[in-house]
Amino acid sequence: MSDIKIALAGNPNSGKTTLFNMLTGSKQYVGNWPGVTVEKKEGMLKGFDNVIIQDLPGIYSLSPYSLEEVITRNYLIDEQPDAILNIVDGTNIERNLYLTTQLIELGIPIVVAVNMMDIVRKTGDKINVENLSKALGCPVVETSALKGDGAMEAARRTVAVANSGENKNIPCHFEGSVEHAIAHIEESIQSIVPKHSVRWYAIKIFERDEKVLEKIKLSPEDNKHIEEHIVECEREMDDDAESIIIGQRYAYIAKLMEKTVKKSNKYADGTVSDKIDRVLTNRVLALPIFFAVMYVVYKISIGTVGDWSVGFMEGLFENIGEFVSGLMEGNVSPVLQGLIVDGAIGGVGSVLTFVPQMIILFLMLAFLEECGYMARVAFIMDRIFRRFGLSGKSFIPMLIGSGCSVPGIMASRTIENERDRRMTIMTTSFIPCGAKMPIVGLIASAVFGGSALIATSAYFLGVAAVIISGVILKKTKAFAGEPAEFVMELPSYHWPTVSGVLRSTWERGWSFIKRAGTIILLSSIAIWFLSSFGFGEEGFGLVEDMNESVLAKLGGSLKWIFTPLGFGNWEAVVATVMGLVAKEEVVNVFGVLSAVGEGAMDILEAGGAEAIEGLKPIGEQFFNGSGLSAYSFLIFNLFCAPCFAAIGAIRREMNNAKWTVGAIVYMTVLAWVSSFVFYNLGLVIRGGAFGINAIIAIVIVVIGAYLLFRPNPYKNEKISIKYGDQ
Amino acid sequence: MTLDKVKPGETVKVVKINNTGAIKRRIMDMGLTKGVEVYVRKVAPLGDPMELTVRGYELSVRKEDAAMIEVIQGGKN
Amino acid sequence: MGDIIVIAMLAVATFFAARSVIKNKGKCSGCSAKNSCSACNNNKNSIEFINKI
């Protein structure tokens, strides 16, 4: 028996992903969409050995304008899955059924799963599943993805309809004259399209869907004949064909709703979600609340948790280091011991030290994401973001970017307007990602006594960089024009599921740990070698003084670039350059080098109960304990070119070499200039001499201010806004 | 009257959408079609965008897009 | 003797680490650890403009 393919389709936010995970368990795999190099998710249905479930993008409609929608319908038409499982959000059934009516027209056997039934019941609404099933002509199943009810039942019904191939195909009916035109179109195309999809094609042709017209080459006579009917219809309804169809589809659903859904007025004066919303998006309180939330998130993760966890983790790796040294003592040569203890354990340990803080940070961000607050933030921030040439939607990539810039940059795809999207791609990596947080944590602990303000300031520095870039870039020719439209669904607030929050936290946390064991381990070893060997007096070999090592020579050769920024020592240079491999490398490099320089034990012994003491030597060794140098180093590393993986993502999303190079150069220049201004003006404020650097810094500030505040020279130049698949 | 001029707390009815192509389709796909009742819930803290209730869910639209939607007073309050 | 054991263990660790790094080149941190992550899956499916590649 051959495999049965089931496609999972539905609106965004309908609980599709939860259901997919539930139905497939761990048996998921990632492949490519046919024809396009984009990954798709498939999984085997639990309890069946021949049923493949294909997760489709969350969409609102099957319009020809957004590429996600085009891909979905191409998949459904060309790949012909055996059945569709359509997930419908029961709490928002009217708009969700709009997609359902379009899916039914495809003529593929379909089952509708009315999801979130637990919430529907709680609000007292009643959905008459039987009537709905009769009206739609397909099985309708109640599910609750959160509680797990009905999911398997829905899957079993879908397998059943796939096997029987049954689709009564009772699509939504339009008004007489529209049906009349569609009937004529059906007549002309029935020989060229698959029989069961005739109606879908006919409606699309009625809508003058370019993608479909391209595919079905109608003869000129047919075309003329059909066009006459459409025009007549349009004249009668005084609207364009596409709008007629949409309008009547919704009218049909409204009628369907009367027969099947009974809204209770239990929450007429506002649901809990409304009440929460009234506070969180309050005119006066919204912004202060947002800033307070971000402060608390960083205060708890980097400050409170960081305080004890740094000490604890240091102690842990101290013990591991001691234990391993004890094992090797006498059996293993000192050089190898150094490699293992100073290199591998010192380096990997320095990165893993930050795991508890990261887990807490990810946990809180996951909570905020899941409960629906972040969509509200996009709503609140849209006005601000738009002034800076971005859209409220840019906030979402940046939010995801606080975990890892790569998916953040990828998430910019949801922004339809090309210019907004490019701007978002360029600025997303300014928001400190998970891997940059250890740098922040290191600097905060090693130089500033674990102050939570450092972490919070890092976040707001990121936001400031986004805003400043937005204003400056918006006024350049490449970004001229007005931002695009902003139409976004605001999902209701809901209590996040424990499993959802834990899953997302675990994913991010685990990825961090795994990278410590792979890429960080490798480079720890490499850095240990490079910093322990060099060309000494007796030629190449182990060097006593690390300053004579190969690494010191390499780093030293680039020192001049960073000297004006206040951290012109080769160690900081190496750390910064290694940051291109992965941002945790910055911490790793300091970990290995400090261990080699002073002996791992010296540093680790200082750890233990005295949380911050353990990292202090790093601050002393590499920044002379100077807060100014350390913070300047932090600024540079937050803004400069991201890691290779993120650069790769930028290249893929920009899909243009010039834009990619431009983005990377812009980030690095901004990083250098910001650090330079901060450090040199900081020196002057501290009472240092007013030298040439300070003058240059002031000139830069003036130029920056000019770029920020000059009138936009391209203000009235409208560019054509492109959508979807340009 | 256009939708952007409607005050929070009012309910109006959509009469016409003065737009074409992708934007019009997107707005209509989200349920803002001729004859539908729209309740203006609120305006964002900084004056834009606005939050609407349409077909039982919440939708956020910028004022400049709302300006393309013609409405009349009506519907129950 | 100890040297050889340590070197062997190190070689094995390096081998697996290197293999994983090469295999996951260019992936996001989540995907390189688990082959797929929810952040990417939510927008992997979002295919805007990739067809140009």
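Source: prediction; values computed, not measured.

Things to note about the sheet that holds strand β1 (residues 11–17) of chain B
Move 1: In spatial order, the strands read β10(A)-β4(B)-β3(B)-β2(B)-β1(B)-β5(B); together these six strands make up an open sheet with antiparallel pairing. Strands with a single pairing partner mark the edges of an open sheet, and in this sheet they are β10 (487–489) of chain A together with β5 (69–73) of chain B. The sheet shows a mean angle of 40 degrees between the axes of neighbouring strands, direction not considered.
Move 2: Two elements, strand β2 (residues 37–43) of chain B and strand β3 (residues 50–54) of chain B, share five bridges in a ladder whose sense is antiparallel. By the bridge assignment, K42 of chain B is partnered in β3 of chain B with E51 of chain B.
Move 3: Of the strands in this sheet, β10 of chain A together with β2, β3 and β4 (57–61) of chain B touch helix α16 (residues 373–387) of chain A, which is tilted by about 125 degrees from β3 of chain B.

Some remarks on the packing of helix α13 (residues 286–328) of chain A against helix α14 (residues 334–352) of chain A
Residue and element names in this part refer to chain A.
Move 1: Taken N-terminus to C-terminus, the directions of α13 and α14 make an angle of 165 degrees; their axes are 10 Å apart at the nearest point. Comparing their axes, α14 and α13 come out roughly antiparallel. For the element pair α13 and α14, the recorded crossing hand is right-handed. Here M313, F317, I320, G321, V324, S325 and M328 of α13 lie close against α14, whose contacting residues are Q337, I340, V341, I345, G349 and L352.

Notes on the packing of aromatic side chains
Residues and elements named next belong to chain A.
Move 1: Tallied over the entire structure, the rule returns 19 aromatic pairs over all chains.
Move 2: Seen in terms of ring centroids, Y98 and Y250 are 4.4 Å apart; in terms of plane orientation they differ by 5 degrees. Their pairing is stacked. Linking Y98 in helix α3 (residues 93–105) with Y250 in helix α11 (residues 241–260), this pair joins segments that are 152 residues apart in sequence. Across this residue pair, the class does not change: Y98 and Y250 are buried.
Move 3: With centroids separated by 5.6 Å and ring planes inclined at 50 degrees, the aromatic side chains of F590 and F633 adopt a geometry described as tilted. Of the two residues, F590 is situated in helix α26 (residues 585–598) and F633 in helix α29 (residues 627–639); the sequence distance between them amounts to 43 residues.
Move 4: Judged by its relative accessible area of 0%, F633 is buried.
Move 5: Put simply, the rings of F562, F567, F590, F633 and F636 touch in pairs and so form one group of aromatic residues.

Quick notes on the interface of chain A and chain B
In many analyses, interface size is given as the accessible surface area lost on bringing the parts together.
Move 1: Residue-level contacts link 51 residues of chain A with 34 residues of chain B.
Move 2: For the chain A face of the interface with chain B, the top three residues by lost area are R283, F379 and V487 of chain A, together amounting to 18%.
Move 3: Viewed at the interface, chain B and chain A are joined by eight salt bridges.
Move 4: The closest approach of N and O atoms between R25 of chain B and E242 of chain A, which form a salt bridge, is 3.0 Å.

Focus on the environment of E242 of chain A
Move 1: Tracing the backbone shows E242 of chain A in helix α11.
Move 2: Look at E242 of chain A and you get buried, because its relative accessible area is 11%.
Move 3: Linking E242 of chain A and F623 of chain A, residues 381 residues apart in sequence, is a C-alpha distance of 65 Å.
Move 4: Setting aside residues up to four positions removed in sequence, E242 of chain A forms contacts with P64, Y65 and E207 of chain A together with R25 of chain B.

A few points about the pattern of salt bridges
Move 1: Scanning the entire structure with this criterion turns up 25 salt bridges over all chains.
Move 2: With its nearest N and O atoms 3.4 Å apart, the salt bridge here joins R25 of chain B to E207 of chain A. Linking R25 of chain B in helix α1 (residues 21–29) with E207 of chain A in the loop between α8 (198–206) and α9 (210–215), this pair reaches from one chain into another. In this structure, R25 of chain B and E207 of chain A share a single accessibility class: buried.
Move 3: With its nearest N and O atoms 3.5 Å apart, the salt bridge here joins D239 of chain A to K34 of chain B.

About the criteria used
Residues numbered from 1 in each chain as written. Chains lettered and ligands numbered in written order. Predicted model: local features only at pLDDT ≥ 70, side-chain atom pairs only at ≥ 80, totals over all residues. Heavy atoms only, no water. Pairing = 2+ DSSP bridges. Helix = DSSP H or I, 4+ residues; strand = E, 2+ residues; numbered from the N terminus. Axes fitted to C-alpha atoms, helices over the stretch in contact; angles between N-to-C directions. Contact = heavy atoms within 4.5 Å. Parallel < 35°, antiparallel > 145°, perpendicular 65-115°, else oblique. Left-handed = near helix turned anticlockwise from the far one by under 90°. Phe/Tyr/Trp six-rings, centres within 6.5 Å; stacked < 30°, edge-to-face > 60°. Buried < 20%, exposed > 50% of the residue type's maximum accessible area, 1.4 Å probe, protein only. Buried area = accessible area lost by both parts, 1.4 Å probe. Salt bridge = Lys/Arg side-chain N within 4 Å of Asp/Glu carboxyl O.

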